[in-house]
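Here is what each chain is made of, one letter per residue.
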Amino acid sequence: MNSHLPSKMVDRIVATVPALILLAAVLLPAPKPANAIPAFARKYGLPCSACHIGWPELNNFGQVFRDNGYQMMNERDSPITRDPSYFPITVRITPQWHRESANNQIVDDNAGHPEDGSHPGTLTTSGFDLSGLDLWFAGTLYKNVSFSVLPSSNSTASFHFENAFVRFDNLLHSPWLNFKVGKFELDLPVSEKRLLTLSGDGGFYYIYHFTPLNDANPFGGIGDNQLGVELAGHNANSYTRYTFAALSSVDGNVGLTYSNGQVAGRTFDYYGHFEQGFNTFGNGFMKVGAYAYFGFAPTFFETSAGTAFYGRGNKSFTRAGAEWKWYFNKFLVKGVYLHGSDNAFLANGLDPRTGTLSPTQRAPKWNGGFLEGQYIISPQWIIIARWETVHMAQQADVSITPGDTGNLNAFTIANRWYPFMFSRAGLALQQEYSFVRSNGVTNQGGAFGSLCTDAGRAFNCTISSSSLLFGFDFDF
């Protein structure tokens, strides 16, 4: 998630198709009640509303089911009790139409000849498209031994493992001891993988992936799935939950290297999350919590015949914050706050053995978060609105980066309606609009690009980008 040029927005989009189709669908007679969704619905036969606010987002019962290792804690949990024809797989993809636009982009004065100068311009693309494809296999290998494998591709069918783990549940016959190993999503305050908004600007949380401009830290953000082990526990209704994870310092990449090819160090990162829920005496259900990520990244590399083979001089970085969720009648409101900080040597790309910090080079710090509201008309019709902001408190080098560079505000609104959701298939029709304004960068998407330029001269400008999406989001 290193840039947000229009050509890369496609891989982020998992929703959409023309507004008239959605409008017509909303006017159709109400569908029959849904039975459930793949693949666990085929195993347990529960209604979709039992586990989901609206798929893929979980309600508290769904959270308990997930915390229990995809088990209801009954005689049907072990796969040996299922018909041999049952296979725990879900396929998801999104045919769509989308429009992407961003202003103050670098446009050559003479096409094909950047040496002749450039000027700020607006770039807009639109058309029919496909999202990436998810093939999700998950369930139990045996009672209290669960697994998940998710080969995921971009829109050109370039696959990677989004997750792949095995989990040992209810160790010592206690829900407070569950052990996971492999690649998995961190237990974030709000899951990005179960996000209901799916557009190029609104289909992810900026604060989970934010890296300041001119920051050399290769870490992609806490929104990336990570490789490691996790110890987790919860009480019977998952009102009280905790997780603690020890992770390889490679941002979830295989081969012990970062995605940019840098060789990893020999260190581990650590993540923890605690969450407490409680009833509010007639005013709904509320959850509060805190989370923190403490990681390391190398500042120089050992070499063999000139080739780097592992990183050294590891310096630290942190991401920490708090959460709040309120379920009240047909409304769900959730807020997440995050504070980020990187070591000054790491952020400025300096080797601590030989480099020294100048008076203008510091540890970058920033604050941000989002406030999201959902109006749940029914389990098959949800309206979503979200505002997100990031504000820089201190740049890595104030001599080359203006203080407000990277500040952003993002707004997303979406209408998601499910004409049907059966135990073997589900379909959602979605229309969505998202808008982002940021300071002093040429593209959106978490880790930012370069300062705006005009005929080679850098200046601080405001970038506005937007996504308009209509599509069919279906799984089987």
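Residues numbered from 1 in each chain as written. Predicted model: local features only at pLDDT ≥ 70, side-chain atom pairs only at ≥ 80, totals over all residues. Heavy atoms only, no water.

**A look at the overall build of the chain**
Item 1. In terms of helices and strands, the chain carries 7 helices and 24 strands.
Item 2. The buried share of the chain, reckoned over its 476 residues, is 53%.
Item 3. Considering only contacts within the chain whose residues lie at least 6 apart along the sequence, 65% involve residues at least 24 apart.
Item 4. Approximately 19,900 Å² of the chain is accessible, and the part contributed by carbon and sulfur atoms is 63%. (Helix = DSSP H or I, 4+ residues; strand = E, 2+ residues; numbered from the N terminus. Buried < 20%, exposed > 50% of the residue type's maximum accessible area, 1.4 Å probe, protein only. Contact = heavy atoms within 4.5 Å. Areas by Shrake-Rupley, 256 points an atom, 1.4 Å probe, with all protein chains shown as cover.)

**Things to note about the nonpolar core**
Item 1. If you look at the biggest cluster of nonpolar residues, it comprises 38 residues, and the most contacted ones within it are Leu186, Tyr208, Ile222, Tyr271 and Tyr293.
Item 2. Put simply, the parts of the chain that give this core at least two residues each are strand S6 (133-142), helix H6 (206-209), strand S11 (240-248), strand S13 (285-297), strand S17 (331-342), strand S18 (365-378), strand S19 (381-394) and strand S20 (408-421).
Item 3. Apart from residues no more than four positions distant in its own chain, Leu186 is found in contact with Ile222, Gln226, Leu247, Tyr271 and Tyr293.
Item 4. Counting residues in each nonpolar core, the second largest holds 11 residues, with Trp55, Ala414, Tyr418 and Met421 among its members. (Core = buried A, V, L, I, M, F, W, Y, C linked by side-chain atoms within 4.5 Å.)

**Some details on the pattern of salt bridges**
Two side chains that carry opposite charge are able to pair once their charged atoms sit near each other.
Item 1. Scanning the entire structure with this criterion turns up 18 salt bridges.
Item 2. For Lys325, the salt bridge identified is with Glu275, shortest N-O distance 3.4 Å. With a gap of 50 residues between them, Lys325 in strand S16 (residues 315-328) and Glu275 in strand S12 (residues 268-279) connect regions that are remote in the sequence. We note that Lys325, like Glu275, is buried. (Salt bridge = Lys/Arg side-chain N within 4 Å of Asp/Glu carboxyl O.)

**Side note on a nonpolar patch on the surface**
Item 1. Together, Phe168, Leu171, Leu172, Phe179, Val181, Leu231, Phe244, Phe268, Tyr270 and Phe294 line one region of the surface with nonpolar side chains, adding up to about 890 Å² of accessible area.
Item 2. For the nonpolar patch, the elements supplying multiple residues, two or more each, are strand S9 (178-184) and S12.
Item 3. Its place among the elements puts Tyr270 in strand S12. (Patch = residues over 30% accessible without salt bridge, like charges linked within 9 Å, V, L, I, M, F, W, Y side chains within 5 Å.)

**Considering the packing of aromatic side chains**
Item 1. Tallied over the full model, the rule gives 19 aromatic pairs.
Item 2. Between Phe65 and Tyr70, the ring centres sit 6.3 Å apart and the planes meet at 55°, which makes this aromatic pair tilted.
Item 3. What makes Phe65 buried here is its relative accessible area of 7%.
Item 4. Look at Tyr70 and you get buried, because its relative accessible area is 7%.
Item 5. Both rings, one in Trp176 and one in Tyr242, keep their centres 6.5 Å apart while their planes meet at 10°; by these two values the pair is stacked. Linking Trp176 in the loop between strand S8 (159-168) and S9 with Tyr242 in strand S11, this pair joins segments that are 66 residues apart in sequence.
Item 6. Aromatic ring contacts, followed pair by pair, group Phe219, Tyr271, Tyr293 and Phe317 into a single cluster.
Item 7. The ring of Phe165 has Lys180 lying over it, and the distance from NZ or CZ to the ring centre is 4.4 Å.
Item 8. Over the face of the ring belonging to Phe300 we find Arg353, whose NZ or CZ atom lies 3.6 Å from the ring centre. (Phe/Tyr/Trp six-rings, centres within 6.5 Å; stacked < 30°, edge-to-face > 60°. Lys NZ or Arg CZ within 6 Å of the ring centre and 35° of its normal.)

**Section: unusual backbone geometry**
Item 1. Unlike most non-glycine residues, Ala157 shows phi in positive territory, near 65°.
Item 2. Counting through the fold element by element, Ala157 comes out in the loop between strand S7 (145-153) and S8.
Item 3. In this structure, Asn170 is a non-glycine residue whose phi angle is positive, near 55°.
Item 4. Note that Asn170 resides in the loop between S8 and S9.

**Notes on the side chain of Thr412**
Item 1. Following the sequence through the fold, Thr412 ends up in strand S20.
Item 2. With relative accessibility at 3%, the residue Thr412 sits in the buried group.
Item 3. Thr412 has contacts with Thr197, Gly202, Ile384, Ala385, Arg386, Glu432, Tyr433 and Ser434, leaving out every residue within four places of it along the chain.

**Topic: the pairing of strand S15 (residues 307-312)**
Item 1. Bridge analysis of strand S14 (residues 300-304) against S15 gives 5 bridges, and the strand direction is antiparallel. Within the sheet, the bridge partner assigned to Phe300 lies in S15 and is Arg312.
Item 2. A loop of 2 residues connects S14 with S15, the two strands running antiparallel in sequence, and Ala305 in this loop sits at a positive phi of about 55°. (Pairing = 2+ DSSP bridges.)

**Side note on the environment of Lys334**
Item 1. Within the secondary structure, Lys334 is located in strand S17.
Item 2. Lys334 gets classed as buried once you look at its relative accessible area, which sits at 4%.
Item 3. Remark: the alpha-carbon pair of Lys334 and Phe370, spanning 36 residues in sequence, is separated by 8.2 Å.
Item 4. A polar contact is formed between the side chain of Lys334 and the side chain of Glu57, at a distance of 2.6 Å. (Polar contact = N/O pair within 3.5 Å; in protein donor to acceptor, adjacent residues only side chain to side chain.)

**Digging into the confidence of the model for the chain**
Item 1. When the pLDDT values of the chain are averaged, the result is 83; 82% of them are 70 or greater.
Item 2. Low pLDDT, under 50, characterises residues 1-37; the predicted model gives this stretch 114 contacts beyond four residues in sequence or across chains.
Item 3. Note on residues 442-451: pLDDT under 50 across the span, and 52 contacts to partners over four residues away in sequence or across chains. (pLDDT = per-residue confidence, 0-100.)

**Focus: the environment of Phe268**
Item 1. Within the secondary structure, Phe268 is located in strand S12.
Item 2. For the pair Phe268 and Val250, spaced 18 residues apart in sequence, the C-alpha separation works out to 8.7 Å.
Item 3. Leaving out residues up to four positions away in the same chain, Phe268 has contacts with Leu247, Ser248, Ser249 and Phe296.

**Re helix H5 (residues 60-67)**
Item 1. By the criterion of burial, H5 is predominantly enclosed, with 6 of the 8 residues buried.
Item 2. Within H5 the residues assigned to the buried category are Asn60, Gly62, Gln63, Val64, Phe65 and Asp67.
Item 3. A positive phi of about 80° marks Gly69, the residue just after H5.

**A closer look at the environment of Asp108**
Item 1. Tracing the sequence through the fold places Asp108 in strand S4 (residues 95-108).
Item 2. In the structure, Asp108 is positioned 10 residues away from Ser118 in sequence and 4.1 Å away in space, judged by C-alpha atoms.
Item 3. With near-sequence residues (within four places) excluded, Asp108 lies in contact with His113, Pro114, Gly117, Ser118 and His119.

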